[in-house]
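The primary structure of each chain is shown beneath.
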Amino acid sequence: MKRLLVAFAAALMLVCMLAGCTKSAEILDVTDMPTRLEEKVADETDAVLDGPAAREFIKTQYTAEELGITDYEDSVDFAYRESTYEFDGEKYIVVEAISVTLNTDVTTEDGKETYSSTTVGQYLVSLDGKTVIKKDMATGEYLKLKSRITDYSAKGDTTTE
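Basis of the calculations
- Residues numbered from 1 in each chain as written.
- Predicted model: local features only at pLDDT ≥ 70, side-chain atom pairs only at ≥ 80, totals over all residues.
- Heavy atoms only, no water.
- Helix = DSSP H or I, 4+ residues; strand = E, 2+ residues; numbered from the N terminus.
- Buried < 20%, exposed > 50% of the residue type's maximum accessible area, 1.4 Å probe, protein only.
- Lys, Arg positive; Asp, Glu negative; His and termini not counted.
- Salt bridge = Lys/Arg side-chain N within 4 Å of Asp/Glu carboxyl O.
- Polar contact = N/O pair within 3.5 Å; in protein donor to acceptor, adjacent residues only side chain to side chain.
- Contact = heavy atoms within 4.5 Å.
- Pairing = 2+ DSSP bridges.

Thoughts on the side chain of Lys 134
Within the secondary structure, Lys 134 is located in strand β5 (residues 132-135). Within the buried core, Lys 134 has no salt-bridge partner, and the shortest N-O distance to an opposite charge, that of Asp 136, equals 6.2 Å. Polar contacts involving the side chain of Lys 134 include one to the main-chain carbonyl oxygen of Glu 66, which spans 3.4 Å. Setting aside residues up to four positions removed in sequence, Lys 134 forms contacts with Glu 66, Leu 67, Gly 68, Gln 122, Tyr 123, Glu 141, Tyr 142, Leu 143 and Leu 145.

And the structure:
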């Protein structure tokens with residue numbers, strides 16, 4: 001009886017291990033972006049960026065000056081929206097720069113400090129990371145930023161005569 005129970009447990013463990021081996025959409029780590037963008041993005045399931053990666057990409061690859069948030073540099077953090085946004089027929093991940101400030105004149109009923117948050121920058125990142133668009137918060141206009149991702153798919157393709 002014990003042998004049968006051990007065999008059943010081993011079979012169950014094997015099935016569980018194999019179930020975890022299914023391949024899902026590949027998501028790029030920000031540190032690997034420049035060398036791993038050979039795939040083309042057809043829809044969201046083929047995206048090489050997800051929300052957290054797009055957030056880190058904006059946060060680490062662009063300066064506060066490029067992002068238009070120099071006035072808020074010390075109090076800004078970045079967040080991303082869970083759903084994609086369609087702009088000019090393409091899907092983008094929305095990343096926002098949010099300034100959090102302490103309310104010096106407002107406290108809770110029990111005397112605790114309160115904070116305010118304001119969106120000070122908005123950026124659209126394409127699902128392949130190759131296009132980044134900044135929204136000018138003063139005018140509402142959208143401006144394309146220089147891409148920080150290079151497609152190295154042609155690396156090593158040389159012709160000699």
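Text resumes after the structure shown.
So, the pattern of salt bridges
A full pass over the atoms with the stated rule returns three salt bridges. In this structure, the salt-bridge partner of Glu 56 is Arg 55, at a minimum N-O distance of 2.5 Å. On the basis of relative accessible area, Glu 56 is assigned to the partly exposed category, the value being 29%. Note that Glu 96 is salt-bridged to Arg 81, the shortest N-O span being 2.8 Å. With Glu 96 in strand β3 (residues 90-107) and Arg 81 in the loop between β1 (76-80) and β2 (85-87), this pair connects stretches of sequence that are 15 residues apart. On the accessibility criterion, Glu 96 (14% relative accessible area) is buried. On the basis of relative accessibility, which here comes to 38%, the residue Arg 81 falls in the partly exposed class.

Description of the pairing of β3
For β1 and β3, the ladder comprises five bridges, and the chain directions are antiparallel. Paired with Tyr 80 across the strands is Val 95, a residue of β3. Pairing analysis gives three bridges linking β2 to β3, with the strands arranged antiparallel. By the bridge assignment for β3, Phe 87 is matched with Glu 90. Taking the residues that link successive antiparallel strands as the turn, the β2-β3 hairpin has two residues, and the phi of Asp 88 there is positive, at about 50°. Bridging between β3 and strand β4 (residues 113-126) involves 13 bridges; their strand directions are antiparallel. When the sheet's bridge partners are listed, Tyr 92 is paired in β4 with Ser 126. Here β3 folds back onto β4 in antiparallel fashion, the turn holding five residues, of which Gly 111 has a positive phi close to 90°.

A closer look at the environment of Val 132
Looking at the secondary structure, you find Val 132 in strand β5. The exposure class of Val 132 is buried, given its relative accessible area of 1%. A sequence separation of 74 residues divides Val 132 from Ile 58, and the C-alpha atoms of the two residues are 8.7 Å apart. For Val 132, the contacting residues outside a window of four places in its chain are Phe 57, Ile 58, Tyr 62, Leu 124, Val 125, Leu 143, Lys 144 and Leu 145.

Regarding helix α2 (residues 51-61)
Burial in α2 covers these residues: Gly 51, Ala 53, Ala 54, Arg 55, Phe 57 and Ile 58. Between the side-chain oxygen at the start of α2 and the backbone nitrogen of Ala 53 there is a gap of 3.0 Å, and the oxygen is on Asp 50.

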